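Structural characterization, general
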Amino acid sequence: FGEMLKSGVLLAVSEWNNRGGVSVTGTKMKVKILWGDDRHDPREGVTIAHKFVNSGVVGVVGHFNSSVSIPASTVYAEAGVVQITPASTNPKLTEQGFSTVFRVCGRDDQQGEVAAAFIVDKLRKKRVAILHDKTTYGQGLADETKRFLGAKGIKPVFYSGIVQGDKDFTPVLTAMKQKKPEVVYFGGIHPEAILLVKQMRERLGIKADFMSGDGVFVDEYYKIAGKSAEGTYLSFSPDQSKIPEAKNIIQMHRKRFGKEVGAYTIYSYVAANLILASIAESGS
């Protein structure tokens, strides 16, 4: 996911610099990128936020995880630095009242509503188990899905958290299996989703549908999980390849990096362009 964010910014900045840079009060200035890897650690994210602010950055594209974006946003807001995240979907990020914090992706309450409607109206299933990874993103997404299921009269037959980074989920899956779920909904990202779905299928023979959100929308999920991942349902925004305005960036990415865009590459590209276009328009 970090590489996706990085690629989008590189493409956007390259376009601006190839045109001479950004015009500020009549002077063209080349754009310089400062990189930071927060390792999806909130404390590391705050450290990087302070580093960016002290380095004099004028805008930040990031962070990826909501659990990092939220604490880092306080640092940026206090310094008056614009932050646009391409990927942090927890609603709390943009409900803090900060005038400099934005997102270009959807929100978990949108995903939760879509997921609940899909489970009930499309799959026509009633016995739903919900798991989450106890993170700001994962639990937030799971709780939004649970809330919208409740609005449709569905109470989960099982609800539990797992620990991000653990490798064996057999105990929680065994307890879940006893509740005979028809659908297993997971709030979290792909490393745990891979292990969960493989252990569900291969160790315990659980045949329930598996569903998750944008944090699992990555090639590694189905490449590593293999047959166990077949039939997974994921919520995400519209297919980027079918959006006319996205065709040029998809082609540029393919030419420069030799592969297809990732789930958040275009979001990152848009976030960087918004920051640079705003500088150009305001001349400041």
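Here's what I pulled together on the structure shown here. None of the values given here were measured: they were computed from a predicted structure.

This part takes up empty space enclosed by the protein. Using the criterion set out here, one finds 1 cavity of 30 Å³ or more in the structure. Within this model, the largest cavity holds a volume of roughly 70 Å³. Residue lining of the largest cavity: Phe64, Asn65, Ser66, Ala87, Ser88, Thr89, Tyr137, Ile189, Asp214, Gly215 and Tyr264, and that is the complete set. Considered class by class, the residues forming the lining of the largest cavity number 5 nonpolar, 5 polar and 1 charged.

The full count for this structure, using the stated rule, is 11 salt bridges. One salt bridge in this structure joins Arg107 and Asp109, with 2.8 Å as the shortest N-O distance. On the basis of relative accessibility, which here comes to 22%, the residue Arg107 falls in the partly exposed class. As a salt-bridge pair, Glu230 and Lys227 come within 3.8 Å of each other at their nearest N and O atoms. Across this residue pair, the class does not change: Glu230 and Lys227 are exposed. The structure contains a network of salt bridges with shared partners spanning Glu95, Arg107 and Asp109.

Calculation notes
Residues numbered from 1 in each chain as written. Predicted model: local features only at pLDDT ≥ 70, side-chain atom pairs only at ≥ 80, totals over all residues. Heavy atoms only, no water. 1 Å grid on protein atoms, 1.4 Å probe; cavity = no way out; pocket = protein on both sides within 12 Å on 5 of 7 lines; lining within 4 Å. Points joined across faces, edges and corners; volume = space filled by probe spheres on them. Nonpolar A, V, L, I, M, F, W, Y, C, P; charged D, E, K, R; others polar. Salt bridge = Lys/Arg side-chain N within 4 Å of Asp/Glu carboxyl O. Buried < 20%, exposed > 50% of the residue type's maximum accessible area, 1.4 Å probe, protein only.

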